[in-house]
Amino acid sequence: MTNGFPTNLNDILPDDANHAILIGRIWDPRVSGPTPVLVDGDKLRDISSIAPTVSQLLEIGDLVGKLARPANFPIVGALEDVLAQSKPGADKNTAHLLSPNDLQAIKASGVTFVASLLERVIEEQARGDSSKSDQIRTEITGIIGDDLSQIEPGSEKAADIKKVLIEKGAWSQYLEVGIGPDAEIFTKSPAMSAVGHGAHVGLHPISTWNNPEPEVVLAVTSQGKIVGASLGNDVNLRDVEGRSALLLGKAKDNNGSCSIGPFIRLFNDSFTLETVKGADLAMAVDGPDGYHLDAVSSMSQISRSPESLVSQAIGKHHQYPDGFMLFLGTMFAPTDDRGGAGKGFTHEMGDLVTIATPSLGKLINQVDRSDVINPWQFGITALMTNLAARGLL
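Quick notes on the rules
Residue positions within a chain follow its written sequence, with the count starting from 1. For a predicted model such as this one, the threshold for reporting local features is a pLDDT of at least 70, and the threshold for listing and counting side-chain atom pairs is 80 or more; totals across whole chains, interfaces and linings nevertheless cover every residue. Excluding hydrogens and water, the side-chain figures rest on all heavy atoms present in the structure. The helix count covers DSSP runs of H or I at least four residues long, the strand count covers runs of E at least two residues long, and both are numbered beginning at the N terminus. Only protein chains enter the accessibility calculation, which uses a 1.4 Å probe; a residue is then buried when its area is under 20% of its type maximum, exposed when over 50%, and partly exposed in between. By the convention used here, residues are in contact when the closest approach between their heavy atoms is within 4.5 Å. Here the accessible surface of atoms and residues is derived via Shrake-Rupley with a 1.4 Å probe, and residues count as covered only by protein chains that are part of the display. Only strands joined by at least two bridges in the DSSP assignment are considered to pair. Interaxial angles span 0 to 180 degrees and are taken between N-to-C directions of axes, which are lines fitted to C-alpha atoms, for helices over the stretch in contact. The salt bridge criterion pairs a side-chain nitrogen of Lys or Arg with a carboxyl oxygen of Asp or Glu, the two atoms within 4 Å. Every definition here rests on a 1 Å grid over the protein atoms only: cavities are sets of points where a 1.4 Å probe fits but cannot get out, pockets are open sets enclosed by protein on both sides within 12 Å along at least five of seven lines, and lining residues have some atom within 4 Å of a point. Grid points are joined across faces, edges and corners, and a volume is the space filled by probe spheres set on the points. In the scheme used here, Gly and all other residues not listed as nonpolar or charged are polar, with Ala, Val, Leu, Ile, Met, Phe, Trp, Tyr, Cys and Pro taken as nonpolar and Asp, Glu, Lys and Arg as charged.

*Asks:* Outline the overall build of the chain, supporting the account with residue identities and numerical values.
*Replies:* A tally of helices and strands in the chain yields 12 helices and 18 strands. A burial count over the chain gives 57% of its 393 residues as buried. Counting contacts in the chain only where the partners sit at least 6 residues apart, residues at least 24 apart contribute 74% of the total. Accessible surface for the chain amounts to roughly 15,900 Å². Of this, 48% is attributable to carbon and sulfur atoms.

This is the structure we're talking about:
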């Protein structure tokens with residue numbers, strides 16, 4: 001254990017790692033750039049000979065078959081060594097984990113769990129003022145109740161409820177995307193901006209009411225095929241988005257505000273989309289002051305199927321030639337007071353956030369301000385320049 005980050009690979013990998021096909025990226029100091037890797041037991045193997053980017057790798061029709069013989073690929077390092085160097089503020093002189101995606105667009109689904117729907121409505125009504133949350137929660141649940149789990153989004157019943165709530169002056173834009181026909185699909189973060197396991201996640205310095213969002217992240221090809229999954233933290237600023245939904249970009253897209261990892265697990269006989277649908281995501285927050293929070297987000301409670309969310313993101317209406325990563329949303333909406341009576345949960349700098357599920361392993365990040373953590377400097381131009389210099393383009 002190093003600074004709260006496990007260095008034992010068994011603490012990070014899926015429970016059935018021997019049956020998992022795990023691909024990712026490391027910062028490779030040998031080439032001063034990222035290298036796609038395959039997990040092979042306690043080793044990492046360089047698979048850039050198949051494709052120089054993970055985006056291109058996922059487009060290969062029989063990728064699982066091509067990776068079936070790991071010994072065909074050179075060893076780039078020991079996984080435990082890389083884990084030990086995957087920590088907040090990691091520098092470019094060490095091999096450390098990056099987010100497992102690269103050129104893919106990073107998209108996210110909002111308000112896909114009924115359990116978090118009410119909290120989004122509260123954020124809106126509170127206009128970003130956390131001290132009003134308890135009072136508003138009581139008022140809103142008095143009108144709509146706190147169990148919308150039997151409502152199918154876009155159904156006739158949902159339309160009837162909408163009509164009643166409009167008449168009561170209680171309809172919300174969050175209810176619209178929560179139980180209406182159209183899902184909320186937004187761009188979470190630019191390509192190449194996500195951080196990986198062990199890195200800092202960032203909070204905009206203006207925020208005083210915020211939380212982690214533990215989610216499953218799907219890996220989707222340019223043809224809309226779901227080929228694997230990872231874990232993600234869709235860091236959220238409740239006060240900023242609560243002031244206005246038009247501030248979604250400021251609330252969601254900041255330096256270090258998107259974490260994905262530790263690896264993408266490819267679908268095969270032992271891991272499928274049905275595995276994802278049945279996953280329970282455990283999340284823990286451990287503060288430097290001894291604070292501890294446990295929570296569970298169950299994919300079985302999602303209001304819209306992963307397939308339907310993918311179909312709303314890609315089709316004749318929108319293409320992604322480099323594929324995309326899709327956050328599926330969370331049911332985690334913390335209400336336990338931390339920042340003061342009635343204010344609910346908010347982060348403190350130095351919090352460790354752990355997101356885990358047996359089939360995907362464990363993603364751990366430390367919280368700090370987005371203006372003090374390592375700046376994002378290695379983008380698409382830097383990647384293309386690096387790959388060209390390595391003869392991979």
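*Asks:* Now, about the sheet that holds strand 18 (residues 361-369): what can you tell me, with residues and values included?
*Replies:* With respect to topology, 5 strands assemble into an open sheet ordered 8-18-17-14-15, the strand pairing being mixed. Strand pairing shows two members of the sheet lacking a second neighbour, strand 8 (200-203) and strand 15 (292-298), which therefore form its edges. The sheet shows a mean angle of 25° between the axes of neighbouring strands, taken without regard to direction. Alignment of strand 14 (residues 280-286) against strand 15, held across 7 bridges, turns out to be antiparallel. By the bridge assignment, A284 is partnered in strand 15 with D294.

*Asks:* Pulling in residues and values, what's your account of the environment of A245?
*Replies:* Turning to its location among the elements, A245 is positioned in the loop between helix 8 (238-243) and helix 9 (248-252). Put simply, A245 and Y174 are 71 residues apart on the chain and 9.3 Å apart in space, counted from C-alpha to C-alpha. For A245, the contacting residues outside a window of four places in its chain are Q173 and Y174.

*Asks:* A description of the environment of E348 should follow, citing residues and the corresponding values.
*Replies:* Inspection of the secondary structure puts E348 in the loop between strand 16 (324-327) and strand 17 (352-357). The spacing of E348 and R369 is 21 residues in sequence and 9.8 Å in space, taken between C-alpha atoms. With near-sequence residues (within four places) excluded, E348 lies in contact with R338 and V367.

*Asks:* Account for the pattern of salt bridges, naming residues and giving values.
*Replies:* Summed over the entire model, instances satisfying the criterion amount to 13 salt bridges. Between K43 and D42 there is a salt bridge; the shortest N-O distance is 3.5 Å. On the basis of relative accessible area, K43 is assigned to the partly exposed category, the value being 27%. Residue D42 is classed as partly exposed on the basis of its relative accessible area, which comes to 44%. In the salt-bridge network here, residues are joined through shared partners; they are K188, E213, D234 and K252.

*Asks:* Pulling in residues and values, what's your account of the side chain of N386?
*Replies:* Turning to its location among the elements, N386 is positioned in helix 12 (residues 380-389). Those residues within four positions of N386 in sequence are excluded, and the remaining contacts are V31, S32, G33, P34 and F378.

*Asks:* Let's hear about the layout of surface pockets: which residues, and what values?
*Replies:* Roughly 700 Å³ of internal volume is contained in the largest pocket. Around the largest pocket, the lining comprises 34 residues; the ones closest to its centre are L98, V195, N374, P375 and W376. Those elements that provide at least two residues to the lining of the largest pocket are strand 1 (22-28) and strand 5 (96-98). Per element, the largest residue contribution to the lining of the largest pocket is 3 residues, and it comes from strand 5. Within the lining of the largest pocket, the residues separate by chemical class into 14 nonpolar, 15 polar and 5 charged. In terms of residue count, strand 2 (residues 33-40) provides more of the lining of the second largest pocket than any other element does, 3 residues in total. For the lining of the second largest pocket, the class distribution of residues is 12 nonpolar, 3 polar and 2 charged.

*Asks:* So what's going on with the pairing of strand 18? Which residues, and what values?
*Replies:* Of the strand pairs in this sheet, strand 8 and strand 18 are connected by 4 bridges, and their pairing is parallel. Across the sheet, H200 pairs through a bridge with Q366, a residue of strand 18. Taken together, the 6 bridges between strand 17 and strand 18 define a ladder with antiparallel strand orientation. Bridging across to strand 18, A356 finds its partner in K362.

*Asks:* How would you sum up unusual backbone geometry? Please name residues and give values.
*Replies:* Cis geometry marks the peptide bond from G261 to P262; its omega dihedral reads -5°. Take P262: it is sitting in strand 13 (residues 258-266). Of note, the phi angle at S32 is positive, near 55°, even though the residue is not glycine. Its location among the elements puts S32 in the loop between strand 1 and strand 2. Phi at M192 is positive, roughly 80°, even though this residue is not glycine. With respect to the secondary-structure elements, M192 resides in the loop between strand 7 (184-189) and strand 8.

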